[in-house]
Amino acid sequence: SDSGYFYSDEFRSTEDIVSKIDHANESHINTAEDKSFYRIGSIGDNAENQALTLQYNGTASYYSLVGGKMFEYLKELEIPSIQNPDRWYGFDERTIPDALASVKYYAFEKDSREEATRPFGYKKMDEIIDNDTGKTYNIYENQYALPIGYTYDATISRDYYDSLSALDKQEALMQAAVTDLSVNNNVDDKLQFSDTSLDYQVIEDEGITWDQENHMLHVDSPDSKLKIEFEAIPNCETYVRFHNLNIDPNTEGHFAGKLESDKVKSAMYFTASDYRWALDREDYMIHLGHENDGKTVLELTFERPGDIELDDIAIHSVPMDSYVAQVTKLGTEAMTDVKVIDNKVTGKIKVSQDKILCFSMMNVNGWTLKVDGVATPLSEVNTMYMGTKITKGAHTIELSYQTPGLKLGATISAITCILILFGFIIERSYKKKKHTQEIHNKKG
């Protein structure tokens, strides 16, 4: 109906969804021989929560499956793939967040924009042709994948971490853990950062007027373009950051745009600060991959015309020179012999000194930990994850999960069933006694 704005047209048929899942990028990855714990990187779901259907550990989620700490983590790093408080689609193919999440594999349609912006350190391991669609998919494996449990020998305080920029936070997480736990090696103000701001110039504005003095971007039409030129640095991840970007919620609650060059094309999704499903953010950082060296012309477009508040656009370059050494260090003294069975994770670990053991598992209620068979508290590590302090030496690790309130709920249900059964027995007994009494009265 007109009053319903043809809402039913927004839905897709079951046949369409099943086909999209069956032919999703991730469905072409064959890791049957890999018995370790790993995640497959997400670049947007063909269908919501398709990882559950295809039975792999992914990095996308929808509705109540999004934990509050995960939401905070994505905002801290200004990752744009979270579209609402109840859904997100991966880590923007960023090298560091993917590594810390134990991402080991990616599948890309050949020569796609997603393949062009893939994280650093991934090696092509296979090429698959989908006989039904005729499309070719390239499968990549992370050469520096971290297991489900890796260790830090240093920590930084929450206050210091919060004072950093989003890109510096990423680099900080490769060097030290953000936690209240202590290993007597706090490295606040001792970390090394390599983020560089690149100069750029606006070389063309077709229907987009950027009034930098009044912090306003005016877009005439969906065909309007703003072209920016800069010199990208080799062996670096390149990012575009929009600072204090906002729209009028009375006009649009959310809108999308695109960043495109001759090498990559990245989608953008923005929300108004007063939108009812707002993400409480006005800073967005878009990852352009690590193969953008040389002169780069970036074309910016928006799906709808209108006025957009915008303080600044910045181009950032992050060298990957120190990444290999840092990720290798995190994984050197890590969990081994890992087994994931149902809702339990077990493994072994041996460390040369007291360390922080970080589990790449979402920090939510319901998890319990035993170290060497002894119940051990779990603490928040790096906002989104959980971990504990372990002492020098060899240890056994056992993580178990139980849905919060499950025992209490089961107990209440059992008591309720008993009471219902008891009531049923009493009622039958009463009816039988009454019936017998009626027969007796008739005979009398």
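A few points on the structure.

**Concerning the pattern of salt bridges**
Then, in step 1: Taken as a whole and assessed by the stated rule, the structure comprises 21 salt bridges.
Then, in step 2: Between Glu299 and Lys225 there is a salt bridge, with the nearest N and O atoms lying 4.0 Å from each other. In this pair, Glu299 is assigned in strand 21 (residues 294-302) and Lys225 in strand 15 (residues 225-232), connecting sequence segments 74 residues apart.
Then, in step 3: Using a relative accessible area of 28% as the deciding quantity, one classes Lys225 as partly exposed.

**Let's talk about the sheet that holds strand 15**
Then, in step 1: Pairing is antiparallel in the open sheet, where five strands are placed in the order 12-15-21-18-19. Only two strands of the sheet have a single partner each, and these edge strands are strand 12 (200-206) and strand 19 (265-271). For this sheet, the mean inter-axis angle between neighbouring strands, taken without regard to orientation, is 25°.
Then, in step 2: Note: strand 18 (residues 254-260) against strand 19, seven bridges, orientation antiparallel. Within the sheet, the bridge partner assigned to Leu259 lies in strand 19 and is Ser266.

**Observations regarding the packing of aromatic side chains**
Then, in step 1: Taken as a whole and assessed by the stated rule, the structure comprises 16 aromatic pairs.
Then, in step 2: Joined through ring pairs, the aromatic side chains of Phe242, Phe255, Phe270, Tyr284 and Phe302 make up one cluster.
Then, in step 3: Above the plane of the ring of Tyr161 lies Lys169, whose end atom (NZ or CZ) is 5.3 Å from the centre.

**Comments concerning empty space enclosed by the protein**
Then, in step 1: A full pass over the atoms with the stated rule returns one cavity of 30 Å³ or more.
Then, in step 2: For the largest cavity, the full set of lining residues is Ile96, Leu167, Gln170, Glu171, Glu237, Tyr239, Val318, Pro319, Met320, Ser322, Tyr323 and Gln326.
Then, in step 3: Of the residues forming the lining of the largest cavity, the biggest block, three residues, is contributed by helix 7 (residues 166-173).

**Digging into helix 8 (residues 323-332)**
Then, in step 1: Looking at helix 8, one finds that the buried residues are Tyr323, Gln326, Val327 and Leu330. In a view along the axis of helix 8, the buried residues occupy a sector of 90°, so they form one face of it. Exposed residues pointing more than 90 degrees away from the buried face of helix 8 are listed as Ala325 and Thr332.

**Side note on unusual backbone geometry**
Then, in step 1: A positive phi angle is found at Asp111, which is not glycine, with a value near 65°.
Then, in step 2: Relative to the helices and strands, Asp111 resides in the loop between strand 5 (103-109) and helix 5 (113-116).
Then, in step 3: Although it is not a glycine, Asn235 sits at a positive phi angle of roughly 55°.
Then, in step 4: If you trace the backbone, Asn235 turns up in the loop between strand 15 and strand 16 (236-243).
Then, in step 5: Since its relative accessible area comes to 33%, Asn235 is described here as partly exposed.

**Looking at the sheet that holds strand 27 (residues 367-371)**
Then, in step 1: Here five strands make up an open sheet; going across it, the order is 24-25-31-27-28 and the pairing antiparallel. Lying at the two open borders of the sheet, with one neighbouring strand each, are strand 24 (336-341) and strand 28 (374-376). Direction aside, neighbouring strands of the sheet carry axes that sit 25° apart on average.
Then, in step 2: Alignment of strand 27 against strand 31 (residues 393-401), held across five bridges, turns out to be antiparallel. Among the inter-strand pairings, Lys370 is bridged to a residue of strand 31, identified as Glu398.

**What about the pairing of strand 5?**
Then, in step 1: Most of strand 5 sits inside the fold, with six of its seven residues counted as buried.
Then, in step 2: Looking at chain direction, strand 1 (residues 39-40) and strand 5 are connected through two bridges and run parallel. Within the sheet, the bridge partner assigned to Ile40 lies in strand 5 and is Tyr105.
Then, in step 3: Pairing between strand 5 and strand 7 (residues 136-142): five bridges, direction antiparallel.

**Topic: a nonpolar patch on the surface**
Then, in step 1: A contiguous nonpolar patch, built from Leu421, Phe424 and Ile425 and spanning about 300 Å² of accessible area, is present on the exposed surface.
Then, in step 2: Residue placement: Leu421 occurs in helix 9 (residues 406-443).

**Section: a negative patch on the surface**
Then, in step 1: Taken together, Asp248, Asp274, Asp307 and Glu309 make up a surface patch of like negative charges.
Then, in step 2: Among the structural elements, Asp274 can be located in the loop between strand 19 and strand 20 (284-287).

**Quick look at helix 3 (residues 68-76)**
Residues spaced three or four apart along an α-helix point in a common direction, a consequence of the helix completing one turn every 3.6 residues.
Then, in step 1: For helix 3, the full list of buried residues reads Met70, Phe71, Tyr73, Leu74 and Glu76.
Then, in step 2: Looking one or two residues past helix 3, Glu78 carries a phi angle of roughly 55°, positive in sign.

**A closer look at the nonpolar core**
Then, in step 1: Counting residues in hydrophobic clusters, the biggest one holds 50 residues, and the most contacted among them are Phe91, Leu100, Tyr150, Ile156 and Tyr385.
Then, in step 2: Counting residues per element, this core draws most heavily on helix 3, which supplies four residues.
Then, in step 3: Core analysis: the next-biggest nonpolar cluster, separate from the first, contains 30 residues, Ile208, Leu226, Leu245 and Ile313 among them.

**Brief notes about the environment of Val103**
Then, in step 1: Its location among the elements puts Val103 in strand 5.
Then, in step 2: Here Val103 falls in the buried class, since its relative accessible area comes to 0%.
Then, in step 3: Each C-alpha atom, one on Val103 and one on Glu141, is 9.0 Å from the other, the two residues being 38 residues apart in sequence.
Then, in step 4: Leaving out residues up to four positions away in the same chain, Val103 has contacts with Arg39, Ile40, Gly41, Thr59, Asp98, Tyr122, Asn142 and Ala145.

Parameters and conventions
Residues numbered from 1 in each chain as written. Predicted model: local features only at pLDDT ≥ 70, side-chain atom pairs only at ≥ 80, totals over all residues. Heavy atoms only, no water. Salt bridge = Lys/Arg side-chain N within 4 Å of Asp/Glu carboxyl O. Helix = DSSP H or I, 4+ residues; strand = E, 2+ residues; numbered from the N terminus. Buried < 20%, exposed > 50% of the residue type's maximum accessible area, 1.4 Å probe, protein only. Pairing = 2+ DSSP bridges. Axes fitted to C-alpha atoms, helices over the stretch in contact; angles between N-to-C directions. Phe/Tyr/Trp six-rings, centres within 6.5 Å; stacked < 30°, edge-to-face > 60°. Lys NZ or Arg CZ within 6 Å of the ring centre and 35° of its normal. 1 Å grid on protein atoms, 1.4 Å probe; cavity = no way out; pocket = protein on both sides within 12 Å on 5 of 7 lines; lining within 4 Å. Points joined across faces, edges and corners; volume = space filled by probe spheres on them. Arc of directions from axis to C-beta. Patch = residues over 30% accessible without salt bridge, like charges linked within 9 Å, V, L, I, M, F, W, Y side chains within 5 Å. Areas by Shrake-Rupley, 256 points an atom, 1.4 Å probe, with all protein chains shown as cover. Lys, Arg positive; Asp, Glu negative; His and termini not counted. Charge placed at Lys NZ, Arg CZ, Asp CG, Glu CD. Core = buried A, V, L, I, M, F, W, Y, C linked by side-chain atoms within 4.5 Å. Contact = heavy atoms within 4.5 Å.

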